[in-house]
Amino acid sequence: MSGVYADLTVVELADRRNQWAGKLLADGGARVIQIEPIAGSPGRWCGPFVKDNTDPDRCLDYWWNNTGKESVALDLKRKPAQDLLRKLLAHADVFLESTRPGTLAKLGLDYDAVATNRALIYASLTDFGQDGPWRDYQMNSAAHLALGGQMSSSGYSDPKVTPIGGQGHHAWQMGCAFVLHGITVALFDRMTSGEGQYIDVSIHDACAIGTEAAVPQWMYYGQTMYRQTGMHANPRRQPPLQLPTADGKYMIAVMQNFGPRVWERLIKWMDEKGVTGELHDAKYQDEAFRMSEYRTGTVIRDAIARLIAASNGEECFHRAQSYGISWGLVHAAEENYAIPHYQQRNYWRSIEHPEIDRAIPYPRGPVACDALQIEPRGRAPRLGEHTKQVLQQDLGLSDQDIASLTESGAIR
Amino acid sequence: MNAQSPVRPGVLTGVRVLDFSWKTVGPWAPRLLTHYGAEVIHVERAGGYDDHRYNATPSIVSDEPKVAALPGTKKVYSDPQFNTLREEKAEAPGQKKLYAAPYFNTLHHGKLAISLNTRNPEGLKIVERLIGMCDALVENFSAEVLPNWGLTWERIHELNPRLVYMSLSGFGHTGDWKGYRSFGPTAAAQSGLSLASGLPGKPPAGWGFSYLDVMGGWMGGLALMQGLLQAKKTGKGFYIDYAVTEGAMSMLGTYMLDYQVNGRRTRRPDFPPGNRSIFPAIAPHNTYRCAGNDRNGQYWWVFIACETQPQFESLCTLMGQPGLALDPKFATNEARVANQDELDSIVGRWTRARRRYDIMRQCQAAGIISAVVQSAEDRVEYDSQLQHREMHPIINHPELGDCAYEGYPVKMSRTPAFVHGRAPMLGEHNSYVYGELLGMSAAEIAGLREREVI
């Protein structure tokens, strides 16, 4: 294996919170052994499923979040299974877990108990970290977007309408970003010190610093943000920036400076669509006046809204961008597949799926970099697909040992 | 290095990063390294400044000056979105003074700041010398800016074969759209993130802040750490082309696969489903209005979800309606999902008159998922968990006095991360960088200043 995490063995205790972090480690070349309960990771049961038929081996959310991992199914309530995990950790580089604080200590699998492997980096990604008054609260990813502040800033301008959290597993992913910081820096350190360490990341802490200016705005000015439809929350109400196009889509007309060249082209475009209004007036040639009007008035904003309403979305996006205007079109995720730009950048990775007799193009990931080589390398495992192989090859168990463990229900 | 670094020692001590980033997503990425003791040198243009310093009125220090009103400044406005790098030519205020905007102060904390005129050949020489003594270089300009300075990847690699160079942009530095520009909301829109947030049948709600400047910055910071790790292993530098929209799409992988396998699009009438959950389909799973409203007159809300039957039964008991759990309309999760409009009104009637933190505490005591929709005020003032975890540390600032900051959520046992300082003042570390690191004499530095190089 090559890649930034090549030659590492990661043991991951299956959980919906940490699986994206484990995926990125596997994508970076690590060997990631996911320890699942006998009934399968909770991540296998959420859907969507292939053809909407519930099947833990055909959960698309699981497929996406577990590329390239190995699956070992153990019943950690049983002592023999706990011993197997302990033995795996004795030779692992990284342990990634998201159990409720205190759970693993009861099994003799907390950091102090397994740190006889001095090189082990033991990373806990939990809802609230290992301590604090809310430590044992019940959460899910959407609940974290509420508590962490993302929802409070997002939604609609109508003050009576609910705040909104984006669909997906964003809070868990934010936590994963930080646990990966910790793991990566700990690996950097271990190259010189030879020592691993314990890492405690709280998803709530991560979300709470992830609302851009909202917290500084409160801390320094005591100001509260207004939610605004499709745009930034702000201490003052502002006119809309998310504007409907002629073909029923939405442009995000981000505010920016209109220098003389950009302005000239923008006016020409408005002329073409017959929406320029009074903007030919000489006063708009003065950039300071123009920008002040744009910022505080309605004439330029209204003309932009008319321009966008008279244009189709794609046309609007490309024309604006070709003029140096950073507007974006609200796309659907799946529409990106058809965009040549991402194909030219070799963004899609073809992953074979024997379950459906074909390959699926997976997103590569955030960075294009041959030296780091972080990209999906293979499909997610079937439940318990590697149990036997890992127990035999890594732990030296015999066929007979495995048969009796299987019979007792300790492994699958 | 003999020079005494102004940076607190940590696990990344000895790592030096040249930071040409501005706005938000760029600065976040190298900022993360400061928590581990890396020396991050934020370069601001001589005679200019990072416009996030001024992105608020009033400034932290005082209401004056509004930058747009400064005499002799034609193109710099107090609101950053009107300033573009290439067209901005304003003189900085006469004396060195920080009119720090809150977000700049938070975003750049722990960095060093130098001023440098990169349009001056002498200034570019200094950039080349700095590249020679740094481990990483980060920028979020448009794709053509560095090559226009003569700094192609080949040239950068020649100057320092060990250096990791990361460009951070909306669409990446290759492909048809490499010239396209993007801010956080542009990238969120293009990637599909904005569309996946909102109520069905309503315009997209999107994200009420640049989620991709935040999360995109964190992923960029991760890529930098990964780059430093790989360079430490191999001794070789390389180029990282980080495109924020590509990172965003990889947060939507499940929906991509659903489209590929099941042909289901995220652009469909019943998606997104507000705060409800469709994968898995469970109910109740929503926000509910509570008693009261915030300072701006926006209603207060609490999030409640029941993922298990016992949770739902506990909720019914808590609401004083234990019979609900036996009602065929709500007895199973499947039935609850089918009847969730009615169920949501029942739960909403219960929460409506109650106080949001009481609801959360009572639900949590009964094992039910519940969370107050917390504003910034709520998190800073009333969140006992964040207080316990010390997520808003106080740090002294020479001009501003003691200020509160946002902390860093990684707690490491052997090599602790830390928040070690305020944001730098304009050009504050010129003498450290030019004098101590580059070994220039006071007279040389004065000469550079006179020739407007720094």
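Residues numbered from 1 in each chain as written. Chains lettered and ligands numbered in written order. Predicted model: local features only at pLDDT ≥ 70, side-chain atom pairs only at ≥ 80, totals over all residues.

Engineer: Can you break down the overall build of chain B residue by residue, with the values?
Structural biologist: Each helix and strand counted, chain B has 17 helices and 14 strands in total. Within the span of chain B, comprising 454 residues, buried residues form 57% of the whole. Excluding contacts between residues fewer than 6 apart, the proportion of contacts in chain B whose partners are at least 24 apart in sequence is 70%. (Helix = DSSP H or I, 4+ residues; strand = E, 2+ residues; numbered from the N terminus. Buried ≥ 20, exposed ≤ 12 C-beta atoms within 10 Å, placed from the backbone. Contact = placed C-beta atoms within 7 Å.)

Engineer: Could you give an account of the overall build of chain A, naming the residues involved and the relevant values?
Structural biologist: Per the secondary structure count, chain A includes 17 helices and 14 strands. Along the first, second and third principal axes, the C-alpha set of chain A runs to 90 × 50 × 45 Å. Partitioning the intrachain contacts of chain A with sequence separation of at least 6 by distance along the chain shows that 65% fall at a separation of at least 24.

Engineer: Which residues make up the sheet that holds strand β10 (residues 250-252) of chain A, and what values go with them?
Structural biologist: In a beta sheet, neighbouring strands pair by backbone hydrogen bonds and run either parallel or antiparallel. Residues and elements named next belong to chain A. The 3 strands lie next to each other as β9-β10-β11, forming an open sheet whose pairing is antiparallel. Edge positions in the sheet fall to β9 (242-244) and β11 (328-329), since each of these pairs with one other strand and no more. With 3 bridges connecting them, β9 and β10 associate as antiparallel partners. Looking across to β10, one finds that L243 is bridged to M251. (Pairing = 2+ DSSP bridges.)

Engineer: Which residues make up the interface of chain A and chain B, and what values go with them?
Structural biologist: Listed by partner, the interface residues are 132 residues for chain A and 136 residues for chain B. The greatest single-element share of the side of chain A that touches chain B, amounting to 15 residues, is contributed by helix α8 (residues 170-193) of chain A. Within the side of chain A that touches chain B, the residues separate by chemical class into 72 nonpolar, 44 polar and 16 charged. Direction of pairing for strand β6 (residues 198-202) of chain A relative to strand β14 (residues 410-412) of chain B: antiparallel, over a ladder of 3 bridges. Across the sheet, residue V201(A) finds its bridge partner in β14(B), namely V410(B). (Nonpolar A, V, L, I, M, F, W, Y, C, P; charged D, E, K, R; others polar.)

Engineer: Before we move on, could you go through the packing of helix α6 (residues 184-191) of chain B against helix α7 (residues 211-234) of chain B and cite the residues and values that matter?
Structural biologist: Residue and element names in this part refer to chain B. At a closest axis distance of 7 Å, the pairing of α6 and α7 adopts a crossing angle of 85 degrees. By the angle between their directions, the pair α6 and α7 is classed as roughly perpendicular. On α7, the residues touching G184, A187 and A188 of α6 are Y211, L212 and D213. Partitioned by chemical class, the residues of the contact of α6 with α7 number 4 nonpolar, 1 polar and 1 charged. (Axes fitted to C-alpha atoms, helices over the stretch in contact; angles between N-to-C directions. Parallel < 35°, antiparallel > 145°, perpendicular 65-115°, else oblique.)

Engineer: Let's hear about the environment of F188(A): which residues, and what values?
Structural biologist: Summarising the element assignment, F188(A) is placed in helix α8. Classification of F188(A) by C-beta neighbours within 10 Å gives buried; the count is 23. Setting aside residues no more than four positions away along its own chain, F188(A) makes contact with V11(B), L228(B), L229(B) and K232(B).

Engineer: How would you summarise the confidence of the model for chain B if you had to cite specific residues and measurements?
Structural biologist: Keep in mind that low pLDDT regions are not for reading the predicted coordinates in detail. Residues and elements named next belong to chain B. Residue-level pLDDT values for chain B average 87, and 86% of them are 70 or greater. Taken together, the stretch residues 55-99 has pLDDT below 50 and engages in 86 contacts with residues farther than four places along the chain or on a different chain. In the predicted assembly, ipTM is 0.97 and pTM is 0.94. (pLDDT = per-residue confidence, 0-100.)

Engineer: Describe in detail the domain arrangement of chain A, supporting the description with residues and values.
Structural biologist: Considered domain by domain, chain A is made up of domain 1 (9-209 + 346-408) and domain 2 (237-244 + 250-329). Placing a centre on the C-alpha atoms of domain 1 of chain A and another on those of domain 2 of chain A gives a separation of 46 Å. (Domains from an automatic or database assignment.)

Engineer: Can you break down the environment of G165(A) residue by residue, with the values?
Structural biologist: Mapped onto the elements of the fold, G165(A) is located in the loop between α7 (150-153) and α8. Between the C-alpha atoms of G165(A) and Y221(A), which are 56 residues apart in sequence, the distance is 26 Å. Residues in contact with G165(A), not counting those within four places in the same chain, are A142(A), L145(A), A146(A), Q150(A), M151(A), S154(A) and N275(B).

Engineer: Describe the pairing of strand β13 (residues 358-363) of chain A, with residues and values.
Structural biologist: Walk down a regular strand and you will see the side chains alternate between the two sheet faces. Residues and elements named next belong to chain A. Where strand β12 (residues 348-353) and β13 come together, 6 bridges link them in antiparallel fashion. By the bridge assignment for β13, H353 is matched with R358. Taken together, β12 and the strand that follows it, β13, pair antiparallel across an intervening segment of 4 residues, in which D357 is found at a positive phi of about 55 degrees.

Engineer: Which residues make up helix α13 (residues 299-309) of chain A, and what values do they have?
Structural biologist: The set of residues buried in α13(A) consists of I300(A), R301(A), A303(A), I304(A), L307(A) and I308(A). Burial along α13(A) is one-sided: seen end-on, the buried residues are contained in an arc of 165 degrees. (Arc of directions from axis to C-beta.)

Engineer: Mind laying out the sheet that holds strand β4 (residues 94-97) of chain A, listing which residues take part and the relevant values?
Structural biologist: Strand order in this open sheet of 7 strands is β3(A)-β2(A)-β1(A)-β4(A)-β5(A)-β6(A)-β14(B), and the pairing throughout is mixed. In the strand order of this sheet, the two ends are held by β3 (70-73) of chain A together with β14 of chain B, each with one partner. Strand-to-strand twist across the sheet, computed as the mean angle between neighbouring axes with direction ignored, equals 20 degrees. Where strand β2 (residues 31-36) of chain A meets β3(A), 4 bridges bridge the pair, whose relative direction is parallel. By the bridge assignment, I33(A) is partnered in β3(A) with E70(A). Helix α1 (residues 19-27) of chain A rests against β1 (9-13), β2, β4 and β5 (121-126) of chain A of the sheet, and its axis sits at about 150 degrees to β2(A). The strands that α8(A) touches are β4, β5 and β6 of chain A together with β14 of chain B; relative to β5(A), the one it contacts most, it runs at about 170 degrees.

Engineer: Provide a residue-level description of unusual backbone geometry, including the pertinent values.
Structural biologist: Leaving glycine out, the prevailing phi sign among residues is negative, and the prevailing peptide bond configuration is trans. For the bond from G47(A) to P48(A), the omega torsion is 0 degrees, close enough to zero to count as cis. As for its placement among the helices and strands, P48(A) is situated in the loop between β2 and α2 (60-65). P284(B) follows A283(B) through a cis peptide bond whose omega is 0 degrees. Tracing the sequence through the fold places P284(B) in the loop between β8 (281-282) and β9 (285-293). Positive phi values are uncommon outside glycine, yet D357(A) reaches one of about 55 degrees.

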